[in-house]
Amino acid sequence: MSVLIFVETNEGKVKPSSLEAVAYGAKVADMLGSSATALVLGELAQEELESIGGYGAKKVMHAADSRLNQINLLAYAEALAQAVEASGAKVLVMAKSSLGDPVAARVAGRFKAAFAGNVIELPTKEGEHLKVKRSVYTGKAFAYTILKGEKQIIAIKKNILAIEKTDAKATVEAFTPTLDDALFSRVKTVKVEKASDEISLPEADIVVSGGRGLKGPENWGMIEELAKVLGAATGCSKPVSDMGWRPHHEHVGQTGVKVSPNLYIAVGISGAIQHLAGVNSSKNIVVINKDPEAPFFKAADYGIVGDAFEVVPKLTEALKKRLGK
Ligand SMILES: Cc1cc2nc3c(=O)[nH]c(=O)nc-3n(C[C@H](O)[C@H](O)[C@H](O)COP(=O)(O)OP(=O)(O)OC[C@H]3O[C@@H](n4cnc5c(N)ncnc54)[C@H](O)[C@@H]3O)c2cc1C
């Protein structure tokens, strides 16, 4: 059962979540005694394409069609479906994302394939099929799903796999899907503008988040400074954004942004279930709270009981020294 991995790019680079999908797909291919091929849509430098081999893909199919440089759901789904056919892949792997999910759904519909999203572990084999563990109900439960289809599609959550990069280079092969112009005319992206230079919260590897314990917006400087030292994005609890201390796009939780960074630092946040629902797939959670009974400590990997106004500046200074900043 050969494995195809759908790779997303951004500003000339493969997205980290897609590199994880490549590593995951390569491990699945090993398990199946097969090999992994990655699919890249749109123009990308040869060096970047070859480097995908360092994550386990032997081959990269590259559709260097400039019309694919900007995301177009219909065209992407069509190109991916044609790549599935051309490669004869039985298993398709991709990162769970705002692009991956709808593309996967379309391709699954096309092939009447079995699709599982939110997958958080490598699969096991159940006869001819794969069995996956999925995070469901905003991380409060797990579902074990057997993919009963001739083609099986897996969309993985971020940060579920330790990635080891090697110097291996993938063989790059040109791939020319037949894409009707009509696919590009129905919805056309005219321009993409970055809202700011801030690190994108859903994609961030480290998030420093603050809650009502910070007392007011005038105290956010220390959160921003800690985030700057760590190269992190900033987040907040819902009441903080409701009160206008921080913008709404920073609100993390069940009704806000869901994050799954390697490191989530929660400062002065109680840890209500609605907040936890948005952060519980973080790999490491550090909680700073002056109340030792704060519920967040139950979900924490590391906890500091103390006043944020004392702890955070000291932590920032220590990190500055340690990281040479
Ligand atoms: C339908 C629904 C959806 C919701 N969705 C979300 C959501 O998506 N995201 C979300 O965050 N919330 C959400 N909420 C709100 C949620 O229930 C909590 O009210 C909210 O998360 C609490 O925010 P907080 O922890 O910042 O504030 P608080 O509950 O007021 O907690 C503040 C914490 O700061 C600590 N503290 C105080 N002073 C200091 C100090 N000097 N140093 C260190 N620690 C200090 C306190 O001990 C306390 O634990 C939702 C609620 C509902 C009903």
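For clarity, every value in this text was computed on a predicted model and none was experimentally measured. (Residues numbered from 1 in each chain as written. Predicted model: local features only at pLDDT ≥ 70, side-chain atom pairs only at ≥ 80, totals over all residues. Heavy atoms only, no water.)

**Some thoughts on the overall build of the protein**
Phase 1 of the analysis: Tallying secondary structure elements over the protein gives 10 helices and 17 strands in all.
Phase 2 of the analysis: For the protein, the C-alpha radius of gyration of 21 Å lies close to 20 Å, the compact-globule estimate for 325 residues.
Phase 3 of the analysis: Summarising its shape, the C-alpha atoms of the protein cover approximately 60 × 45 × 40 Å along the three principal directions.
Phase 4 of the analysis: Burial status across the protein gives 50% buried among its 325 residues.
Phase 5 of the analysis: In the protein, 64% of the contacts between residues at least 6 apart in sequence involve partners at least 24 apart.
Phase 6 of the analysis: A total accessible area of about 15,900 Å² is found for the protein, and carbon and sulfur atoms account for 51% of it.
Phase 7 of the analysis: If the 40 positive side-chain charges of the protein are averaged to one point and the 37 negative ones to another, these points end up 4 Å apart. (Helix = DSSP H or I, 4+ residues; strand = E, 2+ residues; numbered from the N terminus. Rg over C-alpha atoms; globule rule 2.2 N^0.38 Å. Buried < 20%, exposed > 50% of the residue type's maximum accessible area, 1.4 Å probe, protein only. Contact = heavy atoms within 4.5 Å. Areas by Shrake-Rupley, 256 points an atom, 1.4 Å probe, with all protein chains shown as cover. Lys, Arg positive; Asp, Glu negative; His and termini not counted. Charge placed at Lys NZ, Arg CZ, Asp CG, Glu CD.)

**A short note on the site of the ligand**
Phase 1 of the analysis: Arg212, Ser237, Thr255, Ser270 and Asn289 are the nearest of the 26 residues found near the ligand.
Phase 2 of the analysis: Here Ser237 contributes a side-chain N or O atom positioned 2.6 Å from an oxygen atom of the ligand.
Phase 3 of the analysis: Contact between the ligand and Asn289: an oxygen atom at 2.8 Å from a side-chain N or O atom of the residue.
Phase 4 of the analysis: Counting residues per element, the ones that place at least two in the shell around the ligand are helix 7 (238-242), helix 8 (273-279) and helix 10 (308-323).
Phase 5 of the analysis: Taken together, the residues of the shell around the ligand break down into 6 nonpolar, 14 polar and 6 charged. (Near = heavy atom within 4 Å. Polar contact = N/O pair within 3.5 Å; in protein donor to acceptor, adjacent residues only side chain to side chain. Nonpolar A, V, L, I, M, F, W, Y, C, P; charged D, E, K, R; others polar.)

**A closer look at the UniProt feature "binding site: FAD" (unreviewed entry) in the protein**
Phase 1 of the analysis: Feature annotation in UniProt assigns "binding site: FAD" (unreviewed entry) to the following positions: Arg212, Gly268, Ile269, Ser270, Gly271, Ala272, Ile273, Gln274, His275 and Asn289.
Phase 2 of the analysis: Mapped onto the secondary structure, Ile269 falls in the loop between strand 15 (263-267) and helix 8.
Phase 3 of the analysis: Classification of Ile269 by relative accessible area gives buried; the value is 4%.
Phase 4 of the analysis: For Asn289, a relative accessible area of 10% puts it in the buried group.
Phase 5 of the analysis: Residues within four places of Asn289 in sequence aside, it is in contact with Gly268, Ile269, Ser270, Ala294, Phe297, Ile304, Val305 and Gly306. (UniProt positions renumbered as here; feature names shortened; annotations may be inferred.)

**Points about the packing of helix 3 (residues 73-87) against helix 4 (residues 100-111)**
Phase 1 of the analysis: Interhelical geometry of helix 3 versus helix 4 gives an angle of 50 degrees and a closest axis separation of 9 Å. With respect to their mutual orientation, helix 3 and helix 4 come out oblique. Handedness of the crossing formed by helix 3 with helix 4: right-handed. Contacts between helix 3 and helix 4 involve Leu73, Leu74, Tyr76, Ala77, Glu78, Leu80, Ala81, Val84 and Glu85 from the first element and Pro102, Val103, Arg106, Val107, Arg110 and Phe111 from the second.
Phase 2 of the analysis: Taken together, the residues of the contact of helix 3 with helix 4 sort by class into 11 nonpolar, no polar and 4 charged. (Axes fitted to C-alpha atoms, helices over the stretch in contact; angles between N-to-C directions. Parallel < 35°, antiparallel > 145°, perpendicular 65-115°, else oblique. Left-handed = near helix turned anticlockwise from the far one by under 90°.)

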